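Below are the chains, spelled out letter by letter.
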Amino acid sequence: MQPISMAYSKRDMLLLTSIAWLAMLGFDFLLHAGLLARLYLQPSLFLLPPLAAFRLIPVGYLSFFLLAVLLAWLMIRLKLTGWCAGAIFGLELGGLTWGSFVLGLLSISTASFSLLMGWFIGQTLEMALAGAVIGSGLAGVRLRRLFGLVIVFVLLSVITTIILQTLGVVPTTRIE
């Protein structure tokens, strides 16, 4: 097998990173609009009002793209391939980065412990998912196939979130 950095062009690596980022966005939607939605309704001086937070979603999504770039770059440098190796590495990197971030916020902010733990667990799993996608691509899975699988995952995440909201399992927020 060729060295990983030689196997993919810069364009292919950008596509692979973008596919991993798309998977992160799908999971992030399920996480925040579904699983953690109740935590955002609690009064907090730490969180922005819903409309301001909604307007800044693209900034948060850009931060995930930078994490996907970091993950891909490190995996290439470390010659990690395969979905399992990628998922484990993403879990480790996610645990360290989000663990550090959460500990820092715990020490200086008014964020609730439950919100911080939700972020830690959810964002760590998000990095594991991105690692699995990148690892699959680096192992030779065709980008078109990966993209198709990720699109199905994103659609299932959105549908699951809508069902949870419709059934009243998770609350919805009106943005005014």
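Above this text you will find the structure in question.
This section reports on the structure supplied with the text.

What counts, and at which threshold
Residues numbered from 1 in each chain as written. Predicted model: local features only at pLDDT ≥ 70, side-chain atom pairs only at ≥ 80, totals over all residues. Heavy atoms only, no water. Patch = residues over 30% accessible without salt bridge, like charges linked within 9 Å, V, L, I, M, F, W, Y side chains within 5 Å. Areas by Shrake-Rupley, 256 points an atom, 1.4 Å probe, with all protein chains shown as cover. Salt bridge = Lys/Arg side-chain N within 4 Å of Asp/Glu carboxyl O. Helix = DSSP H or I, 4+ residues; strand = E, 2+ residues; numbered from the N terminus. Buried < 20%, exposed > 50% of the residue type's maximum accessible area, 1.4 Å probe, protein only. Core = buried A, V, L, I, M, F, W, Y, C linked by side-chain atoms within 4.5 Å. Contact = heavy atoms within 4.5 Å. Expected span 1.5 Å × (residues − 1). Phe/Tyr/Trp six-rings, centres within 6.5 Å; stacked < 30°, edge-to-face > 60°.

With that out of the way, let us pick up a nonpolar patch on the surface. Residues Leu 155, Ile 159, Ile 163, Leu 167 and Val 169 make up a contiguous nonpolar surface patch of about 480 Å² in total accessible area. Mapped onto the secondary structure, Leu 167 falls in the segment after helix H8 (143–166).

Here the structure, examined in full by the defined rule, presents one salt bridge. Residues Asp 12 and Arg 11 are paired through a salt bridge, measuring 3.6 Å at the closest nitrogen-oxygen approach. Overall, the relative accessible area of 60% leaves Arg 11 in the exposed class.

Quick look at the nonpolar core now. By size, the foremost hydrophobic cluster in this structure holds 27 residues, and its most contacted members are Leu 16, Leu 71, Val 133, Ile 134 and Leu 138. Mapped by element, the contributors of at least two residues to this core are helix H2 (10–35), helix H5 (57–77), helix H6 (83–108), helix H7 (113–138) and H8. Apart from the residues lying within four places of it in its own chain, the contact partners of Ile 134 are Leu 16, Ala 20, Ala 68, Leu 71, Ala 72 and Met 75. The next biggest cluster of nonpolar side chains, apart from the first, holds ten residues, and it includes Leu 31, Val 102, Ala 111 and Leu 115.

On to H6, then. Here H6 spans 36 Å end to end across 26 residues, near enough to the 38 Å set by a 1.5 Å rise per residue. Tucked inside the fold, the buried residues of H6 contact H5 and H7.

Moving on, we come to the packing of aromatic side chains. The full count for this structure, using the stated rule, is four aromatic pairs. With a centroid separation of 5.2 Å and 75° between ring planes, the pair formed by Trp 21 and Phe 65 is classed as edge-to-face. Taken together, the positions of Trp 21 in helix H2 and Phe 65 in helix H5 put the pair 44 residues apart, joining distant regions of the chain. Here Trp 21 falls in the partly exposed class, since its relative accessible area comes to 24%. Plain terms: the ring middles of Tyr 61 and Phe 64 are 6.1 Å apart, the flat faces sit at 35° to each other, and that makes the pair tilted. Of this pair, Tyr 61 and Phe 64 both sit in helix H5, separated by three residues, roughly a single helical turn.

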